[in-house]
Amino acid sequence: MLESQAVLLSGAGTGAITSPALVAVSYVLGALLLVGALATVLLRTLNAAMTGLVGTLVVAGILYMVLGGGLPLVLVQVVVVGAGMGALAFLSLRWIGSSEAAASPFNDQLIPAVLVAVAVTALLGAVTVAASWPGATASRVEASLWATLTNTYPVGLATLVVIVLSVAAGGALLLTGRIPERSRSAETASARPKRRRTRPDTTA
Amino acid sequence: MSVDLSYFLTLSAGLFGIGCFGMLAKRSALAVLMSAELMLTGANLALVAFTRFGAGAATRHAPGAALALFASVSGAAEFALGAVIVVVIYRSRRTVWVDDYDLKG
């Protein structure tokens, strides 16, 4: 049995959700979350996978709301992450404009990928089951999240703004910049099977 | 019947594992980016669950939720930049499949 470090708590109990309606909603949202995630990775066309991803992110936002994660977090998750990411992925496909790019096949490493994913999930599940997490009753997080961001983490918030602005500027520059087309000779060279390099004879 | 921290952590582990599988098994770079976003969402779900049920819940400072917000926005920014890079590589190499990427030449 793993024991996490003892923490002095001002709350009492673990504050589990006991309302039948909220419990039912939590189970339904959890099932939808996993179905959406599976759809994202299993569907073979990118448009369908994108729909699955956006659905998953929106459901995650609703789940944050059930958990009382705070309105700013829910809005960011649903509007910025969910809708924004879906629009961006859709735009990427439009920019690429190739039917080949709209497909999303599996690669040759399917079995190792399944094994690694199962191992990672099993490890996380074992830690979840074995650990004894210190718990507390939740306070009203919703009212304090924005205040926390501006008062406790102003540097983090400023850094986040800088990151977002840098990404916007960098993305715009990358898209508008001139991209040199790969020369035909380079393409054919990469298509050719690679020859083994031989070390030059230095004994002579 | 009740729902506690372990339920959300299990959900988070499942989401992380599914994203991990997609990241390793898909050929399309956009699909790999989407799988990475699934993994990030799984981690964020754990953070928010710890905010609700964990020791930080009693402090009224919501550090987990704040961290999840930072992670969400920076993850979205990473996805945006990744998508742009995929588009730029496609313009140059005419492929979005990671198996075909050869960035040396």
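Bear in mind that the values here come from a model prediction, so they are computed numbers and not experimental data. (Residues numbered from 1 in each chain as written. Chains lettered and ligands numbered in written order. Predicted model: local features only at pLDDT ≥ 70, side-chain atom pairs only at ≥ 80, totals over all residues.)

Let us now look at the overall build of chain A. Along chain A, the regular secondary structure elements total 7 helices and 2 strands. Sequence-ordered secondary structure for chain A, helices as α and strands as β, is β-α-α-α-α-β-α-α-α. In chain A, which comprises 204 residues, the proportion classed as buried is 27%. (Helix = DSSP H or I, 4+ residues; strand = E, 2+ residues; numbered from the N terminus. Buried ≥ 20, exposed ≤ 12 C-beta atoms within 10 Å, placed from the backbone.)

Further remarks concern the environment of A:A169. Residues and elements named next belong to chain A. Relative to the assigned elements, A169 resides in helix α6 (residues 154-176). Take A169: there are 10 C-beta atoms within 10 Å of it, and that puts it in the exposed class. Separated by 129 residues in sequence, A169 and T40 place their C-alpha atoms 29 Å apart.

Take the interface of chain B and chain A next. Contacts between chain B and chain A engage 71 residues on the former and 90 residues on the latter. When contributions to the side of chain B that touches chain A are tallied by element, the ones reaching two or more residues are α1 (5-25), α2 (29-53) and α3 (63-93) of chain B. Examining the composition of the side of chain B that touches chain A, we find that 23 residues originate from one element, α3(B), more than from any other. Along the lines of polarity and charge, the residues of the side of chain B that touches chain A split into 44 nonpolar, 17 polar and 10 charged. (Contact = placed C-beta atoms within 7 Å. Nonpolar A, V, L, I, M, F, W, Y, C, P; charged D, E, K, R; others polar.)

Spanning 21 residues, α1(B) covers 30 Å between terminal C-alpha atoms, matching the ideal 30 Å at 1.5 Å per step. In terms of burial, α1(B) is a largely internal element, 18 of the 21 residues being buried. (Expected span 1.5 Å × (residues − 1).)

With domains assigned, chain A is organised as domain 1 (19-107) and domain 2 (143-175). Each of domain 1 of chain A and domain 2 of chain A has a C-alpha centre, and the two are 22 Å apart. (Domains from an automatic or database assignment.)

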